[in-house]
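Examination of the molecular architecture
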Amino acid sequence: QTGGLFCRFIGGWMVNSVKRHLADSPADELNEFKTIVFSCSLGHKRYILADLIKDEDPQVQEMAAAHPNVYPESLGEAAQNEDTAAVVKLAIALNPVAPDYALQILSESDDPQIRKNVAKHLNTPLPTLEKLAQDQETQIREKVAENPATSAEILNKLATDAGEWVRHAVASHANTPLTTLEKLY
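Residues numbered from 1 in each chain as written. Predicted model: local features only at pLDDT ≥ 70, side-chain atom pairs only at ≥ 80, totals over all residues. Heavy atoms only, no water.

A word on the packing of helix 9 (residues 112–119) against helix 11 (residues 138–146). At a closest axis distance of 8 Å, the pairing of helix 9 and helix 11 adopts a crossing angle of 15°. On the basis of their axis angle, the class for helix 9 and helix 11 is roughly parallel. Handedness of the helix 9/helix 11 crossing: right-handed. Residues Pro112, Arg115, Lys116 and Ala119 of helix 9 form the contact with helix 11, whose participating residues are Gln139, Ile140, Lys143 and Val144. A breakdown of the residues in the contact of helix 9 with helix 11 according to their chemical character gives four nonpolar, one polar and three charged. (Axes fitted to C-alpha atoms, helices over the stretch in contact; angles between N-to-C directions. Helix = DSSP H or I, 4+ residues; strand = E, 2+ residues; numbered from the N terminus. Parallel < 35°, antiparallel > 145°, perpendicular 65-115°, else oblique. Left-handed = near helix turned anticlockwise from the far one by under 90°. Contact = heavy atoms within 4.5 Å. Nonpolar A, V, L, I, M, F, W, Y, C, P; charged D, E, K, R; others polar.)

Turning our attention to helix 9. Among the eight residues of helix 9, six are classified as buried, and the element is accordingly described as predominantly covered. Those residues of helix 9 lying buried are Ile114, Arg115, Lys116, Asn117, Val118 and Ala119. Those residues of helix 9 that are buried are in contact with helix 7 (86–94), helix 8 (100–106), helix 10 (126–132) and helix 11. At the N-terminal boundary of helix 9, the capping side chain belongs to aspartate 111, with an oxygen 2.8 Å from the backbone nitrogen of glutamine 113. (Buried < 20%, exposed > 50% of the residue type's maximum accessible area, 1.4 Å probe, protein only. Polar contact = N/O pair within 3.5 Å; in protein donor to acceptor, adjacent residues only side chain to side chain.)

Between helix 11 and helix 13 (residues 164–172), whose axes approach to 8 Å, the crossing angle comes to 5°. Considering the angle they form, helix 11 stands roughly parallel to helix 13. Within the contact between the two elements, helix 11 uses Thr138, Arg141, Glu142, Ala145 and Glu146 and helix 13 uses Trp165, Val166, Ala169 and Val170. Taken together, the residues that form the contact of helix 11 with helix 13 break down as five nonpolar, one polar and three charged.

Let us look at the pattern of salt bridges. All told, the structure shown has six salt bridges when counted by the stated rule. Among the salt bridges present, the one from lysine 54 reaches glutamate 77, with a minimum N-O distance of 4.0 Å. Here the residue lysine 54 occupies a position in the loop between helix 4 (46–52) and helix 5 (58–66), and glutamate 77 occupies one in helix 6 (residues 72–80), the gap between them amounting to 23 residues. Judged by its relative accessible area of 59%, lysine 54 falls in the exposed class. Judged by its relative accessible area of 44%, glutamate 77 falls in the partly exposed class. The residue aspartate 135 makes a salt bridge to arginine 115 at a minimum N-O spacing of 2.7 Å. Remark: arginine 115 occurs in helix 9 and aspartate 135 occurs in the loop between helix 10 and helix 11; sequence separation between them is 20 residues. Of the two residues, aspartate 135 and arginine 115, both sit in the buried class. (Salt bridge = Lys/Arg side-chain N within 4 Å of Asp/Glu carboxyl O.)

What follows concerns the nonpolar core. Ile92, Val144 and Leu158 are the most contacted members of the largest nonpolar core, which totals 35 residues. Top contributing element to this core by residue count: helix 7, with four residues. Not counting residues within four places of it along the chain, the set of residues in contact with valine 144 comprises Ala119, Leu129, Leu132, Ala133, Thr150, Ile154 and Leu158. (Core = buried A, V, L, I, M, F, W, Y, C linked by side-chain atoms within 4.5 Å.)

Time to look at the environment of glutamate 62. Residue position: glutamate 62 is located in helix 5. Of the residues examined, glutamate 62 reaches a relative accessible area of 32% and is grouped as partly exposed. Each C-alpha atom, one on glutamate 62 and one on threonine 84, is 9.7 Å from the other, the two residues being 22 residues apart in sequence. Apart from the residues within four sequence positions on either side, glutamate 62 is in contact with Val87, Val88 and Ala91.

Structure below.
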């Protein structure tokens with residue numbers, strides 16, 4: 001019940017002042033505060049998410065990066081920051097509003113889980129998908145082959161992939177041309 005009241009008034013409060021107030025509180029109270037903030041409908045309070053994605057706590061950053069109402073620009077800034085934690089970058093790669101330039105940056109990550117989620121993201125630009133189609137990790141190439149945005153040209157290249165599941169994904173893709181399907185059989 002406190003959470004509902006909090007959600008109604010969060011727009012009038014500055015998150016940093018609330019956090020300062022809770023700074024001397026036990027950790028479980030601060031975690032409860034974070035949970036309440038992220039359970040609120042923040043669609044019209046996007047500036048709060050823009051602040052929270054810059055928080056010092058990676059868990060707070062991750063929750064802000066995963067929120068569907070976060071500014072895409074905030075996701076882009078976090079993706080560009082080399083100090084951003086891997087869990088935050090993963091949340092960005094999973095967020096449907098992630099901008100294409102953030103996904104391009106994340107596609108160069110050393111973390112295969114981040115690259116895999118970039119490979120299946122609908123906003124991933126074609127040049128990035130083309131690069132990921134050559135990734136050493138089979139699962140990443142498979143996700144490229146499953147991505148609805150993948151071009152017929154990329155699918156044609158993936159049709160001869162060594163990975164069986166990559167070829168299965170090519171065979172199942174709606175954009176795979178008949179000539180490419182013939183290569184598979």
